[in-house]
Amino acid sequence: MTKNTAPPLPAAMQTPPDLLRRLLRAKDRMDAASHEAWPVERLARVSKVSATHFAHAFRDAFGLPPHRYLLTRRIERALALLRDTELPVTDIAFQTGWESLGSFGRTFRDITGLSPSAARIQARARAPQESHTLALVPACFMSAAQRPALDIAVSEKRRREAAGINRA
């Protein structure tokens, strides 16, 4: 007789509800203040678990490490500021939590494939055509659809591109 087995649950559903609530609290804090420094120790204190346990549990629950999640939020915010404001790139870099313009520009380019200035030009060129068709789409769906993909480390992405492997 064969045993009926259900498919495995998504990682977030395997996390105990109490721990998931605490992880979500830390994730919400990062979302609300992505421009601030969020070392694992600080996030662990918010979640009331050890730093090591927090780092492993966050990755298991959400599919990426806390630092990469924070990078996606910062780049997402930077893209919105580039598109919607006239702020200089330097101001946007510092407002979104970067300590240097060089690291902002390099990471931004690695993640989006464009320099911040080129991303601004591209976003503004698309904006008039998209504004009427996307007006009815909820902002949370737009944010999720435009969120930068950081399923691998930026340094790993650079290594693969340099080697010509699997352009991810």
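Going by the structure above, here's the rest.
Caption draft 1: Broad picture of the pattern of salt bridges. In the structure shown here, the tally under the stated rule is 7 salt bridges. With a closest N to O distance of 3.7 Å, arginine 21 and aspartate 18 form a salt bridge. Here arginine 21 and its partner aspartate 18 are both found in helix α2 (residues 17-32), 3 residues apart, which amounts to about one turn of the helix. The salt bridge partner of arginine 73 is aspartate 31, with a shortest N-O separation of 3.1 Å. Placement of arginine 73 in helix α5 (residues 66-84) and of aspartate 31 in helix α2 is noted, with a sequence separation of 42 residues between them.

Caption draft 2: Up close: the side chain of arginine 120. Structurally, the position occupied by arginine 120 is in helix α8 (residues 116-134). Notably, arginine 120 is buried but unbridged: the nearest opposite-charge side chain belongs to glutamate 86, and the N-O separation is 5.5 Å. A polar contact is formed between the side chain of arginine 120 and the backbone oxygen of leucine 82, at a distance of 2.9 Å.

Reading guide: rules and limits
- All residue numbers refer to positions counted from 1 along the written sequence of the respective chain.
- A pLDDT threshold of at least 70 governs which residues receive local features in this predicted model, and a stricter bar of 80 or more applies before side-chain atom pairs are shown or counted, although totals over entire chains, interfaces and linings include all residues.
- The basis for every side-chain value is the complete set of heavy atoms in the structure, and neither hydrogens nor water enter the calculation.
- Take a side-chain nitrogen of Lys or Arg and a carboxyl oxygen of Asp or Glu: if they are within 4 Å of each other, that pair is a salt bridge.
- Strands are runs of DSSP state E lasting at least two residues, helices are runs of H or I lasting at least four, and both sets are numbered from the N terminus onward.
- Exposure is judged per residue with a 1.4 Å probe applied to protein chains only, and the accessible area is read against the type maximum: over 50% gives exposed, under 20% gives buried, and values in between give partly exposed.
- Only four residue types enter the tally: Lys and Arg on the positive side, Asp and Glu on the negative side, with His and both chain ends excluded.
- Definition of a polar contact: a pair of N or O atoms within 3.5 Å, with one able to donate and the other able to accept a hydrogen when the atoms are protein atoms, and with sequence-neighbouring residues admitted only if both atoms are side-chain atoms.

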